[in-house]
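What follows is the residue order along each chain.
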Amino acid sequence: MSTSARAPGISRGTLILWTRTAVVAGLVLLLELLCRTQVIKPLTMIPPSAMAQEMVRLIAAGEISDDIVQTVSEVGAAFAVSVLAGFALGALAQALPRVRRAIDPLLASWYAVPFFVFYPLLVALFGLNALPLIAIGVVFATPAMMLSTIAGLDRVPGVLRKVARVHRMSPLREVMLVTLPSAAPHLFTGLKLSFAYAFIGVIAGEFILSGGGLGYGIAYAYESFENRKMYALMLLVLLVAIGVNGALHVWETRLARRRART
Amino acid sequence: MGDAPRPAPRTHVKKLGDSLLILALILAIWQGLYAYAGDVAISSPLNTFTFATGLLTHAPFWDHAAATLLAFAYALAISAAAGIALGLLLGLRRFAGDVAEPLLVSLYTIPKVTLYPVMLLVFGLGMSAKVAFGVIHGMIPVILFTLTAVKNIPPVLLRTARALQLRPLETATTVLAPAVMPEIITGLRVGFALTLLGVLIGEMFASQRGLGFLIINGINSHDVRMTTAVAVIVVVFAVFVNGAMLALDRRVHHARA
Amino acid sequence: MSANGQAHTDFHATLRAVTRTYPGARPVHALGSIDLDIARGEFFSVVGPSGCGKSTLLDVLAGLSAPTTGRVSFEGKQVAGRVPEGVGVVFQEDASFPWLTVYDNVAFGLRRAGMDAAETARRVDYAVGFMGLRDFTHAYPAQLSGGMRQRVCIARTLVLQPRLILLDEPFGALDQQTRLLMGDELLRLWRETGASVLLITHALDEAAMLSDRVGVMSARPGVFIDLVTTGWARERDSRIVSDPGFGAITARLWSSLRTESMKAIGREA
């Protein structure tokens, strides 16, 4: 695969990484330039450097500490519940073909449902607090974990189960030493997706209808014409999402690399 | 493709039974929530059903539905056309694809709702903002699915095309297009759902028309029946279209397996 | 014990009137009835047309699936429901654990048995060297060729010092030259460990070259239609393919098998 022409001493992967970094840096620089030269009016968007500056100031001054704590704990709760529930339900559905066939259409159409239209109803049900936010995060993230769990368990090769029996393993040992390691790549994908969905669910919920958190902060700043604060918060949300996803992605490829069959 | 294996009639009956069971379960949970929270939060299934039938025979509702559908049609057309084009381009240019893919995945995972103010500031209130919002939600999955499909075309197929001395256009229409079609259909299905989501959220904030507006207006004027009924109509529409596309999707994929 | 019973204890593994039927709306009679005695230290091969129940025979003997009727015993004890201690199995598919290095794959069974680290290292080292994997001790299976992964699986079985080794078309996916060389290694392993071997294969030359005895199976439901004793010396290797006796044995195997193979093809077409 890597036999294509390349600069001596630089692997293709490194070249891609640098190109990607350069592309992103170029785009940010372009935006900066457009804003500085007033092609993009300050009322529309402030320069990225100003966003970063304001973001650092907000964090250092502790102005948004409460919002950060609220969002982080809500996303954390939704993520933890989704991963545990999604794994348990996925394993259950995989073990019981009858149940699986029954819920298959439900899972298949789950992400077609625009759940945010129900969000106001959730607020009416649970009140204006953290609960509906966590609930929408869980509703969003759990099926992703379920689907990944089912896919992972489906793809444990039958011959590895036979090896477990040749080694006379107890069912628990088989799960710990063979089934889970074998399904690990899919489970990891499930973790990654669950995080993304929990994050989207919670932030979007805060944005639509809430009294706190980063999403609410953005909506509030927008309505009170605080452009600097709004863009600073957007940048923060963007960086957190990309940072966590990026870290998980790097970890995942590192795990996957040594297992990739060629 | 017409003679793809069909499930036996008995499994059809079973599937129908399962679907009815799930529908009954959902209705039961809904009724339970209604019993728990009462009229101030949610209207009962029966009430919603009567109200929704009333809405559907009422002209003003169709004005709003038409506004949503129009914005949705524009957004979907842009998502599909631009998404497939970009996906093909990035799939064929291997290096560009490898550079772009993780960036696209990152964009896919950010909460795009928070970008709504930017959309408003750039596009102003109204149709174009709604469409733009639908596009930023729906286009990325179409690109990603198309890109992966092109990248995963078995090289032997392209070698066969060369061995048969097909011209480039023939290769594109008789080998490339059929090879990537199943994945593109999957991409369009996912893109469809997200585009609809984007347009609806758009309408919920800064529009005086459309189904999203009806929902948020229902909240603001404490018209619980309106909110519930419109939400349910939207969901039924989304699930129905998704089901149809899923059937097509599975048929195309099955014919290959 | 009667003289008859005495003779029986010499047999390492025994199948008596074994059949296997897969249940279902239309039950499939896959195997039998089979009677087979494998002597201690014997190299026995099974050849047969595709789908004749060869792998079913191995699964039943290994304790991986239960016979529908009949009786299976290993070292005088009935095989029931689980794989007996002292039996090792090498499968046709790649069964190496992709998340473990070659070393950890081979050490897997020893660690499960609670063996101390020093003895584990010694045995793994020997097995890895024996299978020619020394340079790849810390590689992951993904970095190895198909033939090398199959060696990892054989090494993983070998370290446990099984007294009966069951191999289910272990070289099925390999090219002809590699197969011959792997065959030599298998013979060396068999001689040095003194284990009994049951090899399932679809390659007549492989069976003729490696075995003391070859059982020829019919199309489904598989029964033995011929038992061929090769008469090779215990010291032997792939060079016996040039022995005139080799051609005669292969010819006999093929004449027994030809009609059955045609049946199998006709049924599949």
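Throughout what follows, the structure given in this document is the object of discussion. Position numbers for residues count from 1 along each chain, tracking the sequence in the order it is written. Chain letters start at A and ligand numbers start at 1, both assigned in the order the entries are written. Totals for whole chains, interfaces and linings use all residues, but because this is a predicted model, local features are given only for residues with pLDDT of at least 70 and pairs of side-chain atoms are given and counted only at 80 or more. Each side-chain value is derived from all of the structure's non-hydrogen atoms; neither hydrogens nor water enter the calculation.

**Points about the pairing of strand E6 (residues 87-90) of chain C**
Residues and elements named next belong to chain C. Only protein chains enter the accessibility calculation, which uses a 1.4 Å probe; a residue whose area is less than 20% of its type maximum is buried, one above 50% is exposed, and one in between is partly exposed. In DSSP terms, a helix is any run of H or I states spanning at least four residues, a strand is any run of E spanning at least two, and both are numbered starting from the N terminus. Side chains Val 87 and Val 89 of E6 all project onto a buried face; the interleaved residues Gly 88 and Val 90 project onto the opposite face, where all are buried too. Any two strands between which DSSP finds at least two bridges are classified as paired. Across four bridges, the pairing between E6 and strand E7 (residues 164-168) is parallel. Each bridged residue has a counterpart across the sheet, and for Val 87 the counterpart in E7 is Leu 164.

**Here we look at the nonpolar core**
Membership of the largest hydrophobic core comes to 85 residues, with the highest contact counts inside it found for Phe116(A), Tyr231(A), Leu55(B), Leu211(B) and Val230(B). Throughout, the edges of the domains are those of an automatic or database domain assignment. Built from parts of two domains, this core gets at least three residues from each of domain 1 (1-45) and domain 2 (46-261) of chain A. Put simply, buried Ala, Val, Leu, Ile, Met, Phe, Trp, Tyr and Cys residues joined by side-chain atoms within 4.5 Å make one nonpolar core. By size, the runner-up hydrophobic cluster in this structure holds 48 residues, among which are Val47(C), Met182(C), Leu186(C) and Ala195(C).

**Side note on the interface of chain A and chain B**
Between chain A and chain B, the contact holds 49 residues from the first and 47 residues from the second. Here the quantity called buried area is the accessible surface, traced with a 1.4 Å probe, that two parts lose on coming together, added over both. Roughly 4300 Å² is buried in total at the junction of chain A and chain B, and carbon and sulfur atoms are behind 78% of that figure. Any carboxyl oxygen of Asp or Glu that lies within 4 Å of a side-chain nitrogen of Lys or Arg is treated as forming a salt bridge with it. At the boundary of chain A with chain B, the tally comes to three salt bridges. We call two N or O atoms a polar contact when they sit within 3.5 Å, provided that within protein one can donate a hydrogen and the other can accept it, with sequence-adjacent residues counted only if both atoms are side-chain atoms. Along the contact surface separating chain A from chain B lie seven residue pairs in polar contact (both at pLDDT 80 or more). Looking at the side of chain A that touches chain B, the elements that each hand over two or more residues are helix H1 (12-36), helix H4 (97-110), helix H5 (119-126), helix H8 (171-208), helix H9 (214-223) and helix H10 (227-257) of chain A. Looking at the side of chain A that touches chain B element by element, the count peaks at nine residues for H10(A). Among the residues making up the side of chain A that touches chain B, the classes are represented as 39 nonpolar, five polar and five charged. For this analysis, residues touch if any pair of their heavy atoms sits within 4.5 Å. Classification used: nonpolar for Ala, Val, Leu, Ile, Met, Phe, Trp, Tyr, Cys and Pro, charged for Asp, Glu, Lys and Arg, polar for all others including Gly.

**Examining the interface of chain A and chain C**
Taken residue by residue, the interface counts 19 residues in chain A and 28 residues in chain C. Interface of chain A and chain C: buried area, both sides summed, is about 2300 Å²; carbon and sulfur atoms make up 59% of it. The interface formed by chain A and chain C contains one salt bridge. Taking the shortest distance from any N to any O, the salt bridge between Lys162(A) and Asp59(C) comes out at 3.2 Å. Taken together, the links from chain A to chain C amount to two residue pairs in polar contact (both at pLDDT 80 or more). Of all the secondary structure elements, the ones that give two or more residues to the side of chain A that touches chain C are helix H7 (158-166) and H8 of chain A. Take the side of chain A that touches chain C: its biggest share by element is six residues, from H7(A). Looking at side-chain class alone, the side of chain A that touches chain C contains nine nonpolar, three polar and seven charged residues.

**Let's talk about the packing of helix H6 (residues 130-154) of chain A against H8(A)**
Residue and element names in this part refer to chain A. Contact geometry for H6 and H8: axes closest at 7 Å, N-to-C directions at 160°. With respect to each other, H6 and H8 are oriented roughly antiparallel. Considering the relative orientation of H6 and H8, their crossing is right-handed. Tallied by class, the residues present in the contact of H6 with H8 amount to 16 nonpolar, eleven polar and one charged. In this analysis an axis means a line fitted to C-alpha atoms, helices contributing only their contacting stretch, and an angle means the value between N-to-C directions, from 0 to 180 degrees. Reported orientations rely on four angle classes, namely roughly parallel under 35 degrees, roughly antiparallel over 145, roughly perpendicular from 65 to 115, and oblique for the rest. Each crossing gets its handedness from the near helix: less than a right angle anticlockwise from the far helix is left-handed, clockwise is right-handed.

**A look at helix H4 (residues 94-109) of chain B**
All names here are of chain B. The length a helix should cover is 1.5 Å for every residue beyond the first. The terminal C-alpha atoms of H4, which comprises 16 residues, lie 23 Å apart, in line with the 22 Å expected from a rise of 1.5 Å per residue. Remark: the principal bend of H4, roughly 35°, maps to Ala 100, with a proline, Pro 102, within the next four residues. Listed as buried for H4 are Gly 97, Asp 98, Val 99, Ala 100, Leu 104, Ser 106 and Thr 109. Two axes are fitted around each residue, one to the seven residues ending there and one to the seven starting there, and the angle between them is reported as the bend at that residue.

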